[in-house]
Amino acid sequence: MIEDERLEQIIRSKNYIEHVPELLEGIQDLNWPNASRIVDFLKPRAREVYPFVKNVLSTNDESWIYWVLSELVSSWPNEIVKFLEEDLIVLAENLDIFEETDLLSIEILLNNNLISHQFTRELLENKEAYIKGEIGNFQPELIDEFIELENKRIEILLTDVSQIVDYVKKNSKKLHIKDKYEALHRFLKSVQDILIKLDK
């Protein structure tokens, strides 16, 4: 994150370009102080910023990639997005059930007419089939446990919040599996939403 004084120094600098990597690090989480100001500063400077964005897109930090795609790349003009086409296709062909950077990449590529509807459909249908298979691996008994865990969590939040830390510690392994199960369902819905858009 970048503090107020440091950000002011960079913004006033004539050679702000050399500070772009640092600025991009400041939007690894959009909840960080000054993240929105950094986005506002970088967004209209797409031509100067995109080479540094390529470096971000090649990292394994899905959250960072998500913020860069959603806050910068998605609003950039077609002639700049074209320079990121290969990077976006690599992301689109990956699977990211938690941050959905693959689906965001697909939407950016589609909006800029950089991939065909047929290729997009094949890609999404393959993802859909895989996710359905993953969801099908969860046994009904385990899903019942997830429901019980969620009911317990709500009960704690409504009665005695101080118990939530013990609840998480006690059930950490099951909660992790539950998170994945829920992420798979969210991802499946997102895939199906894009497929519906393709048919319009």
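Preceding block: the structure.
Cut-offs and rules
Residues numbered from 1 in each chain as written. Predicted model: local features only at pLDDT ≥ 70, side-chain atom pairs only at ≥ 80, totals over all residues. Heavy atoms only, no water. Helix = DSSP H or I, 4+ residues; strand = E, 2+ residues; numbered from the N terminus. Buried < 20%, exposed > 50% of the residue type's maximum accessible area, 1.4 Å probe, protein only. Contact = heavy atoms within 4.5 Å. Lys, Arg positive; Asp, Glu negative; His and termini not counted. Charge placed at Lys NZ, Arg CZ, Asp CG, Glu CD. Core = buried A, V, L, I, M, F, W, Y, C linked by side-chain atoms within 4.5 Å. Phe/Tyr/Trp six-rings, centres within 6.5 Å; stacked < 30°, edge-to-face > 60°. Lys NZ or Arg CZ within 6 Å of the ring centre and 35° of its normal. Salt bridge = Lys/Arg side-chain N within 4 Å of Asp/Glu carboxyl O. Axes fitted to C-alpha atoms, helices over the stretch in contact; angles between N-to-C directions. Parallel < 35°, antiparallel > 145°, perpendicular 65-115°, else oblique. Left-handed = near helix turned anticlockwise from the far one by under 90°. Nonpolar A, V, L, I, M, F, W, Y, C, P; charged D, E, K, R; others polar.

An account of the overall build of the chain is needed here, citing residue identities and associated values.
Helix and strand content of the chain: 12 helices and zero strands. Each helix and strand of the chain, ordered N terminal to C terminal, gives the series α-α-α-α-α-α-α-α-α-α-α-α. With the principal axes as the frame, the chain shows a C-alpha extent of 60 × 45 × 25 Å. In the chain, buried positions account for 39% of the 200 residues. The long-range fraction of contacts in the chain, counting pairs at least 24 apart against all pairs at least 6 apart in sequence, stands at 69%. With 24 positive and 39 negative side-chain charges, the chain shows a spacing of 2 Å between the two charge centroids.

Run through helix H5 (residues 62–71), naming residues and quoting values.
Along H5, the positions that sit buried rather than exposed are Trp64, Ile65, Val68, Leu69 and Ser70. On its buried side, H5 packs onto helix H2 (20–25), helix H4 (46–57), helix H7 (85–93) and helix H8 (101–111).

Let's hear about the nonpolar core: which residues, and what values?
Counting 57 residues, the largest nonpolar core has Leu24, Ile27, Val53, Val68, Leu69, Val73 and Trp76 as the members making the most contacts within it. The element best represented in this core is helix H12 (residues 172–199), accounting for nine residues. Setting aside its immediate chain neighbours within four residues, Val53 contacts Leu24, Val68, Val73, Trp76 and Leu84.

Go over the packing of aromatic side chains, please, and point to the residues and values.
The full count for this structure, using the stated rule, is six aromatic pairs. An aromatic cluster of three or more residues is present, and its members are Phe138, Phe146 and Tyr181. Just above the ring of Phe41 sits the side chain of Arg45; from NZ or CZ to the centre is 3.9 Å.

Summarise the pattern of salt bridges; cite the residues concerned and give the values.
Evaluated as defined, the whole model comprises 15 salt bridges. Between Arg12 and Glu8 there is a salt bridge whose closest N-O contact spans 3.7 Å. Of this pair, Arg12 and Glu8 both sit in helix H1 (residues 4–12), separated by four residues, roughly a single helical turn. On the accessibility criterion, Glu8 (25% relative accessible area) is partly exposed. Lys197 is the partner of Glu107 in a salt bridge, and the nearest nitrogen-oxygen pair spans 3.1 Å.

Any chance you could break down the packing of H8 against helix H9 (residues 117–136) for me, citing the residues and the numbers?
The N-to-C vectors of H8 and H9 enclose an angle of 170 degrees; their axes lie 11 Å apart at closest approach. The angle between the axes of H8 and H9 places the two elements in the roughly antiparallel class. Seen along the crossing, H8 lies across H9 with a hand that is left-handed. Each of Asp102, Leu103, Ile106 and Leu110 in H8 lies in contact with H9, whose residues at this interface are His117, Thr120, Leu123, Leu124 and Lys127. Tallied by class, the residues present in the contact of H8 with H9 amount to five nonpolar, two polar and two charged.

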